[in-house]
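If you want the building blocks of each chain, they are given just below.
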Amino acid sequence: MMIKHQLASGNIGKPLIVCADDFGMNAAVNRAVLDLAALGRLSATSCLVDGPCFESGAGPLQETTLQKGLHLNFTDDLGQPGLHYPLKRLIREAYFYRLDVAQVREQIVRQLDRFETIMGTAPDYVDGHLHVHQLPQIRDELF
């Protein structure tokens with residue numbers, strides 16, 4: 001589903017994808033995403049698979065027409081093992097190429113596997129919580 005929007009430049013028919021991040025973070029986020037999806041106000045949602053409410057919200061999410069993506073997490077400790085640094089430290093370590101590449105790869109694979117196990121399909125796309133998917137080392141391992 002794409003929401004069509006007339007841009008200020010006058011170009012009609014350019015698609016506007018409206019994505020809500022952090023599905024799975026908590027029950028309130030899940031409810032908001034599902035309510036907005038029911039109203040036709042969203043195109044996609046990015047899922048924090050380690051969030052405490054991801055698994056319980058997966059069933060209702062699967063019933064929507066939203067695109068469903070993996071929202072890679074390397075900053076918030078949500079009770080799963082792995083590499084979790086405050087954003088400033090993660091940025092510094094990534095740009096100085098000091099992250100453990102094997103650990104980065106393992107965390108990406110684990111989150112992809114969890115998404116596929118719970119949702120029963122691969123994600124439609126992958127992005128990153130706090131845009132971590134664009135950082136060196138994380139981006140490289142993701143590709």
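Preceding block: the structure.
Parameters and conventions
Residues numbered from 1 in each chain as written. Predicted model: local features only at pLDDT ≥ 70, side-chain atom pairs only at ≥ 80, totals over all residues. Heavy atoms only, no water. Helix = DSSP H or I, 4+ residues; strand = E, 2+ residues; numbered from the N terminus. Rg over C-alpha atoms; globule rule 2.2 N^0.38 Å. Buried < 20%, exposed > 50% of the residue type's maximum accessible area, 1.4 Å probe, protein only. Contact = heavy atoms within 4.5 Å. Areas by Shrake-Rupley, 256 points an atom, 1.4 Å probe, with all protein chains shown as cover. Core = buried A, V, L, I, M, F, W, Y, C linked by side-chain atoms within 4.5 Å. Salt bridge = Lys/Arg side-chain N within 4 Å of Asp/Glu carboxyl O. Pairing = 2+ DSSP bridges. Axes fitted to C-alpha atoms, helices over the stretch in contact; angles between N-to-C directions. Parallel < 35°, antiparallel > 145°, perpendicular 65-115°, else oblique. Left-handed = near helix turned anticlockwise from the far one by under 90°. Nonpolar A, V, L, I, M, F, W, Y, C, P; charged D, E, K, R; others polar.

Trainee: Tell me about the overall build of the protein, and name the residues and values.
Mentor: Assigned secondary structure in the protein consists of 5 helices and 6 strands. Sequence-ordered secondary structure for the protein, helices as α and strands as β, is β-β-β-α-β-α-β-α-α-β-α. Computed over C-alpha atoms, the radius of gyration of the protein comes to 16 Å, within 12% of the 15 Å expected from 2.2 N^0.38 for 143 residues, which places it in the range of a compact globule. C-alpha extents for the protein along the principal axes are approximately 45 × 40 × 25 Å. Residues counted as buried form 38% of the 143 residues belonging to the protein. Long-range contacts, defined as pairs at least 24 residues apart, comprise 66% of the intrachain contacts of the protein with a sequence gap of at least 6. A total accessible area of about 7900 Å² is found for the protein, and carbon and sulfur atoms account for 54% of it.

Trainee: Talk me through the nonpolar core; I want residue IDs and the actual numbers.
Mentor: Formed by 28 residues in total, the largest nonpolar core has its most connected members in Phe54, Phe74, Leu90, Leu99 and Ile138. The set of elements that each furnish at least two residues to this core consists of strand E3 (19–23), helix H1 (27–38), helix H2 (54–62), strand E5 (67–72), helix H3 (87–95) and helix H4 (101–119). The leading source of residues in this core is H4, at 5 residues.

Trainee: Run through the pattern of salt bridges, naming residues and quoting values.
Mentor: Summed over the entire model, instances satisfying the criterion amount to 8 salt bridges. Arginine 92 is the salt-bridge partner of glutamate 93, the closest N and O atoms lying 3.8 Å from each other. Overall, arginine 92 belongs to the partly exposed group, its relative accessible area being 39%. Close ionic contact of arginine 98 with glutamate 93 constitutes a salt bridge, the shortest N to O distance being 3.1 Å. By relative accessible area, which is 47% here, arginine 98 ends up partly exposed.

Trainee: Residue-level account of the sheet that holds strand E6 (residues 125–128), with values.
Mentor: The strand order E3-E4-E5-E6 describes an open sheet built from 4 strands, whose pairing is parallel. If you trace the sheet from one side to the other, it starts and ends with E3 and E6, each paired once. Direction aside, neighbouring strands of the sheet carry axes that sit 30 degrees apart on average. The pairing of strand E4 (residues 44–47) with E5 spans 4 bridges and is parallel. For alanine 44, the partnering residue across the bridge sits in E5 and is glutamine 67. Each of E3, E4 and E5 touches H2; the most contacted strand, E3, lies at about 145 degrees to it. Each of E4, E5 and E6 touches H4; the most contacted strand, E5, lies at about 150 degrees to it.

Trainee: Outline the packing of H2 against H4, supporting the account with residue identities and numerical values.
Mentor: H4 packs onto H2 with a crossing angle of 55 degrees between their chain directions and a minimal axis gap of 10 Å. Accordingly, the angle class assigned to the pair H2 and H4 is oblique. The chirality of how H2 crosses H4 is right-handed. Contacts between H2 and H4 involve Phe54, Glu55, Ala58, Leu61 and Gln62 on the former and, on the latter, Arg114, Phe115, Ile118 and Met119. Tallied by class, residues from the contact of H2 with H4 come to 6 nonpolar, 1 polar and 2 charged.

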